[in-house]
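Residue-level structural notes
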Amino acid sequence: MTPKKITVEVEGRELTLSNLDKVLYPRHGFTKGEVIDYYIRVAPVLLPHLADRPATRKRFPDGVEGISFFEKNAPSHTPEWVRTVELPTPGSSRGYESLNFVVIDDLPTLVWCANLAALELHVPQWKIGPRGGVRKPDLMVFDLDPGAPATIVEACQVALLLQELLDADGLKSYPKTSGKKGLHLYVPVTESDRTSAYAKEAAQQLERDHGKLVISRMDRRLRKGKVFVDWSQNNPAKTTVAPYSLRAADDPAVSTPVTWDEVAACERPGELHFIADQVLDRVDEHGDLLAALTTERQKIP
């Protein structure tokens, strides 16, 4: 039986890991130790997507069937070597004008977060500047969220329509699963304050052209059987689950980069559902399918 606590060294940092046998995904039997192992093994492709982005962590201390909470502020027990940055949070629901965000730039910080049962890692579409502060977004994202009875199959159909629209403007786009029922479509851009306006206009255009399949308005009553193209995650105050992050589900599902061929071929929801060990196999086979998000920049027309 694994001891309640063990001390390990990760890239020169000493960490105390606890309760590694604790099952965090009861219906699958996936333990906290397996969560930490997954994040260690996926780190080479995950960390570039977290670098310089303040992380909001969704923690599940008693597993995915227990109480969960979003954590933006660095807790009081944060090690001194963990990078934090104070950022303004105007309009915070708790009345805070600023918070100290954790920035997951290295493997020790990632392992520390995983040990706190931070299963989900969410980041904004912008980075922190070299002297702190907020830079303009360098990513544009579309969240394709199907309303039942629509599924990820219909989301894939909308993704292909959106890809065509973006291509017409000279913009390459890159898909990943949300890890739940939808898809996320990313566009790497030169730093711009126009991502939200462009994304909204693109979503509205899709609704005008394909109204039986697409909805761009927030009203949930309109979503039945359609795919909501959520452009609002380009608001600087909002975040999107990071590529390769685990999700809270019945099994250790992952927000997984996919190819356009896989999107085009999807005929059943299960075809684009991946769990941790499958994602590690995919990384071994494909590398990082979203590597272009960290290197490529395109001008919004």
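The sections below set out a description of the structure shown in this document. On a predicted model such as this, the values are computed, not experimentally measured, just so you know. (Residues numbered from 1 in each chain as written. Predicted model: local features only at pLDDT ≥ 70, side-chain atom pairs only at ≥ 80, totals over all residues. Heavy atoms only, no water.)

Description of the sheet that holds strand β10 (residues 139-146)
Strands sit in the order β11-β12-β10-β14-β13 across an open sheet of five strands; the sheet is mixed. The sheet is open, and its two borders are formed by β11 (174-177) and β13 (214-215), each paired with just one other strand. Here β10 pairs with strand β14 (residues 227-230) via four bridges, running antiparallel. Within β14, the residue paired with L144 across the bridge is V229. Those strands touched by helix α3 (residues 152-168) are β10, β11, β12 (183-188), β13 and β14, and its axis lies near 20° from that of β12. Here helix α4 (residues 195-209) sits on the sheet and contacts β10, β13 and β14; the angle it forms with β10, its principal contact strand, is near 35°. (Pairing = 2+ DSSP bridges. Helix = DSSP H or I, 4+ residues; strand = E, 2+ residues; numbered from the N terminus. Contact = heavy atoms within 4.5 Å. Axes fitted to C-alpha atoms, helices over the stretch in contact; angles between N-to-C directions.)

Some words on a negative patch on the surface
On the surface, a cluster of negative charge is contributed by D277, D281, D284 and E285. Inspection of the secondary structure assignment puts E285 in helix α6 (residues 276-286). (Patch = residues over 30% accessible without salt bridge, like charges linked within 9 Å, V, L, I, M, F, W, Y side chains within 5 Å. Areas by Shrake-Rupley, 256 points an atom, 1.4 Å probe, with all protein chains shown as cover. Salt bridge = Lys/Arg side-chain N within 4 Å of Asp/Glu carboxyl O. Lys, Arg positive; Asp, Glu negative; His and termini not counted. Charge placed at Lys NZ, Arg CZ, Asp CG, Glu CD.)

Here we look at the environment of V8
Among the structural elements, V8 can be located in strand β1 (residues 5-10). In this structure, the C-alpha to C-alpha distance between V8 and T190, residues 182 residues apart in sequence, is 40 Å. Contacts of V8, omitting those with residues within four sequence positions, involve R13, E14, L15 and L17.

Re the side chain of T177
Relative to the elements of secondary structure, T177 occurs in strand β11. Residues contacting T177, with those up to four places away along its chain left out, are I152, G182, L183, H184, V254, S255, T256, V258, L272 and F274.

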